[in-house]
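# Structural characterization, general
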Amino acid sequence: MTNVKNTITMNNNIISTDHLTKIFGKFTAVNAISFEVRKGEIFGFLGANGAGKTTALKMLTGLLMPTSGVATVAGYDVRKNPDQVKRRIGYMSQKFSLYEDLTVRENIRLFGGIYGLKMTEIRSKTTDLLQKLQLEPEADKLVGSLPLGWKQKLAFSVALLHDPQIVFLDEPTSGVDPITRRQFWELIYEAAAEGVTLMVTTHYMDEAEYCDRVSIMVDGKIEALDTPRAMKAGFQATDMDEVFRKLARGE
Amino acid sequence: MLFSNTDSKPSRFLAFVTKEFRHILRDRRTLLILFGMPVAQVLLFGFVLTNEIKNASIAVFDPSKDAASVGLTNKLTSSGYFRIDQNLSSTEELEPAFRSGKIKLAVIFPSDFSKKLQTGDGQLQIIGDASDPNTATTLINYANAIILDYRQQLLAGQSGDVPVIRIETRMRYNPEQKGVFNFVPGVMTLILMLVSAMMTSITIAREKELGTMEVLLVSPLKPIQIILGKTAPYLVLTLINAALVVLLGLTVFGMPLRGSILLLTFECVLYMFVALSLGIFISTRSANQQQAMFMSALGLMMPTMLLSGFIFPRESMPQILQAIGTAIPATWFNTIVKGIMIKGVGLDVLWKESLIMVGMALFFLAISMRNFKDRLE
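A brief look at the structure comes next. (Residues numbered from 1 in each chain as written. Chains lettered and ligands numbered in written order. Predicted model: local features only at pLDDT ≥ 70, side-chain atom pairs only at ≥ 80, totals over all residues. Heavy atoms only, no water.)

### Comments concerning the overall build of chain B
What counts is decided by this rule: The secondary structure listing takes helices from DSSP runs of H or I that are at least 4 residues long and strands from runs of E that are at least 2 residues long, numbered from the N terminus. Only protein chains enter the area calculation, which uses a 1.4 Å probe; residues under 20% of their type maximum are buried, those over 50% are exposed, and those in between are partly exposed. Contacts are residue-level and defined by heavy atoms, with any inter-residue pair within 4.5 Å sufficient. Each accessible area is a Shrake-Rupley result for a 1.4 Å probe, and residues are judged covered by the shown protein chains and nothing else.
Looking only at helices and strands, one finds 14 helices and five strands in chain B. The proportion of buried residues among the 377 residues of chain B is 47%. Summarising the internal contacts of chain B: among those between residues at least 6 apart in sequence, 79% fall at separations of at least 24. When the accessible surface of chain B is summed, it comes to about 17800 Å², and 62% of that surface belongs to carbon and sulfur atoms.

### Examining the sheet that holds strand β7 (residues 166-170) of chain A
All names here are of chain A. Our working definition: One bridge is not enough; two strands pair if DSSP finds at least two bridges between them. Here an axis means a line fitted to C-alpha atoms, over the contact stretch when the element is a helix, while the angle between two N-to-C directions is reported on a 0 to 180 degree scale.
Spatially, the six strands line up as an open sheet ordered β6-β7-β8-β3-β9-β10, and their pairing is mixed. At either end of the open sheet lies a strand with only one pairing partner, and these are β6 (89-92) and β10 (221-226). Direction aside, the axes of adjacent strands within the sheet are offset by 15° on average. Note that strand β3 (residues 42-47) and strand β9 (residues 213-218) share five bridges and pair parallel. Bridge assignment links phenylalanine 45 to a residue of β9, and that residue is serine 215. Helix α2 (residues 53-60) contacts β3, β7, β8 (197-201) and β9 of the sheet and is inclined by roughly 140° relative to β3.

### Details of the packing of helix α9 (residues 223-252) of chain B against helix α10 (residues 261-285) of chain B
Residue and element names in this part refer to chain B. Under the convention used in this document: Here the angle decides the label: under 35 degrees means roughly parallel, over 145 means roughly antiparallel, 65 to 115 means roughly perpendicular, and every other value means oblique. By definition, any crossing whose near helix is turned counterclockwise from its far helix by less than a right angle is left-handed, and any crossing with a clockwise turn is right-handed. When residue character is reported, Ala, Val, Leu, Ile, Met, Phe, Trp, Tyr, Cys and Pro are called nonpolar, Asp, Glu, Lys and Arg charged, and the others, Gly included, polar.
Between α9 and α10, the least distance of the axes is 10 Å, while the angle of their chain directions is 135°. By the angle between their axes, α9 is oblique relative to α10. Our pair here, α9 against α10, has a crossing hand that is right-handed. Contacts between α9 and α10 pair Ile227, Thr231, Tyr234, Leu235, Thr238, Leu239, Ala242 and Val246 from the former with Leu264, Thr265, Cys268, Val269, Met272, Leu276 and Ile280 from the latter. Counted by class, the contact of α9 with α10 contains 12 nonpolar, three polar and no charged residues.

### Quick look at helix α3 (residues 67-78) of chain B
Residues and elements named next belong to chain B. Stated precisely, the cut-off is as follows: Helix span is expected to be 1.5 Å times the residue number reduced by one. Arc, as used here, means the arc of the directions from the helix axis to the C-beta atoms.
With 12 residues, α3 extends 16 Å between its outermost C-alpha atoms, agreeing within 8% with the 16 Å of an ideal straight helix rising 1.5 Å per residue. For α3, the full list of buried residues reads Ala68, Ser69, Leu72, Thr73 and Leu76. Angularly, the buried residues of α3 cover 130° about the axis, an arc narrow enough to put them on a single face. Facing away from the buried surface of α3 by more than 90 degrees, the exposed residues are Ala67 and Ser78. Positive phi appears at glycine 80, one or two residues downstream of α3, with a value of about 90°.

### Some remarks on the nonpolar core
Quick note on the threshold: For our purposes a nonpolar core is just a set of buried Ala, Val, Leu, Ile, Met, Phe, Trp, Tyr and Cys residues, chained together by side-chain atoms within 4.5 Å.
Counting 93 residues, the largest nonpolar core has Leu154(A), Phe156(A), Leu198(A), Met199(A) and Ile216(A) as its most contacted members. Take this core: its biggest share by element is six residues, from helix α7 (residues 178-193) of chain A. Not counting residues within four places of it along the chain, the set of residues in contact with Ile216(A) comprises Leu46(A), Lys221(A), Ile222(A), Glu223(A), Ala224(A), Met231(A), Met240(A), Val243(A), Phe244(A) and Leu247(A). The next biggest cluster of nonpolar side chains, apart from the first, holds 58 residues, and it includes Val245(B), Met255(B), Met341(B) and Met357(B).

### A closer look at the packing of aromatic side chains
Residues and elements named next belong to chain A. Put simply, the test is: Note on aromatic pairs: the rings of Phe, Tyr and Trp (six-membered ring only in Trp) are paired at centre separations within 6.5 Å, and the planes decide the class, stacked below 30 degrees, edge-to-face beyond 60, tilted for the rest. Each ring is checked for a lysine NZ or an arginine CZ that lies within 6 Å of its centre and within 35 degrees of its normal; such an atom marks a charge sitting over the ring.
The final tally for this structure, using the stated rule, is 11 aromatic pairs over all chains. Clustering of aromatic rings is evident, with ring pairs tying together Phe35, Phe43 and Phe45. The cationic tip of arginine 181 hangs over the ring face of tyrosine 204; the distance from NZ or CZ to the ring centre is 3.7 Å.

### Here's the deal with the interface of chain A and chain B
Here is the rule we go by: Summed over both partners, the accessible surface that disappears when two parts come together, traced with a 1.4 Å probe, is what is meant by buried area. The salt bridge criterion pairs a side-chain nitrogen of Lys or Arg with a carboxyl oxygen of Asp or Glu, the two atoms within 4 Å.
Contact with chain A, which involves 31 residues of that partner, is made by 31 residues of chain B. With both sides pooled, the region where chain A packs onto chain B buries about 2800 Å², and carbon together with sulfur makes up 60% of that total. Considering only the side of chain A, the residues that lose the most area to chain B are Leu63(A), Tyr99(A) and Ile114(A), jointly responsible for 22% of the buried surface there. The tally of links from chain A across to chain B stands at four salt bridges. The partner of Asp101(A) in a salt bridge is Arg206(B), with the nearest N and O atoms 4.0 Å apart. When residues of the side of chain A that touches chain B are traced back to their parent elements, those giving at least two are α3 (82-88), β6, α4 (104-114) and α5 (119-132) of chain A.

### Observations regarding the sheet that holds strand β1 (residues 13-24) of chain A
Residue and element names in this part refer to chain A. With respect to topology, four strands assemble into an open sheet ordered β2-β1-β4-β5, the strand pairing being antiparallel. Sheet topology places β2 (27-38) and β5 (76-77) at the edges, where each strand pairs with a single neighbour. The pairing of strand β4 (residues 68-73) with β5 spans two bridges and is antiparallel. Of the residues in β5, the one forming a bridge with valine 73 is tyrosine 76. α2 rests against β1, β2 and β4 of the sheet, and its axis sits at about 120° to β1.

### Describing the pattern of salt bridges
Tallied over the entire structure, the rule returns 24 salt bridges over all chains. With its nearest N and O atoms 3.2 Å apart, the salt bridge here joins Lys151(A) to Glu100(A). Residue Lys151(A) is found in helix α6 (residues 148-159), and its partner Glu100(A) is found in the loop between β6 and α4; the two are separated by 51 residues along the sequence. Via salt bridges that share partners, Lys19(B), Glu20(B), Glu207(B) and Lys230(B) belong to a single interconnected network.

What follows is the structure, given as structure tokens:
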């Protein structure tokens, strides 16, 4: 890793924003944020509730139009080419994102279909996915009958089905027990190792330590952005929780 | 480009619609509302407002006891519609007989009925118990038909003088009568509104509530595809429902279908478009299924039932309610269905109503689409 110039690092950025802003009426939810996310990185997107991280995430996924500023995701401007962006990203919401009244196989087929995969691809991916998650015996059971941890893992795998370049995970581990959370993070690492970029919002500060880089939003602005280690050093904190408290609450 | 079957891309939209059908077919509650309710409602309304009554108890006062009066009485009882409960010996017994509720109808012959018939003065009185107006009308209609038939019979057996029976009918307790052939069109307006609007608003609200709507919106599916995918199955099911209601009306209740089936189908689809767009509109305004259900029940079902003229005649409503009624799609659809089924009229008569419905469909579709886009979370 040598110091390469800007032109090349530009190509390495899978997300880049420049003064991205969202204003609702008189309330500025996201205030001119500018940051980059590198290809293959696990990027933690932190902030207290109401800090603006959900709004920012919605702009990056094409759910909300920015009021001003520019955001490029997977090489496309979210304002001009939201359709191209949508094809190249995966998304897992805070609420459970599969259909509980469909079977495991039907869910995979549905999302494969929605993302325009071919039948043969859907079939082979279904087999791989079931094998990887050891869900073969459950393939034709309703998703609603699976334990929560399995559901989350399945939802994540389905979000990866169409080989997206980036997956946005909006508080994927809320309400999940610690063991399942660990297993879930193993899946995230695995995906990152395969070159997928992951943008994760979380309010578990210990999870922030698992990220390559972390940004912390306060009142619509990104107040800090660095590796967890550098951040802890900069704030003379022992863990991310302390960093967060010093930043967000001004302690 | 041709793909072999195994290598083809299933269309995004088709994949989505398949899923929607699975939701419906797997949810027993939805299925029950979809298919159990229309049948139950038609049968219920049909039998409550039934137009066929058998073996109704009647009283006869016959001071003549001659060939004509006995013949007519026999004809009435042999029709199967009437059964003589009492033979009255004076008209004073009439009131107690009605009051006790034992009889539904009374036939009063004059004295010397046969003779009066010959001179063209065959007067006859039929008295109905209109505390149940629908039954009374029906029974009086039956009696009228039978008497006319009897008159024809007498006519055929005689040459020369035409015997005339003039019938005078009188309604007790409620002299102002309203029609009865209302329920099949009425239930249709109700069912189609219920299935189209309520079910779509609930199913869209459910995706919002569960969080899957976000996932769909992030996917390459366009909002219009999501809306169409969610409503298309209901459009199909509602059409089946409409056919079911019409069929029940025709077979079980002897409802006529004098006009064009094609036109009826077209008008049903038009009405469904109005209802579906109302459903989409409601779903954009409600955060969860309960809200959607409440809003469609109160905002759509109640006015459809009460103000469209289905149960209460619009003519007798206060001006303001009549005015509100004109804004309800069911009011116009009700007139259209009745016109096509009972009167057998076509677009030449119903163009105004149809045009109003087209206008409503476009209007509600436009505002609900705009709302759906604005409210993308």
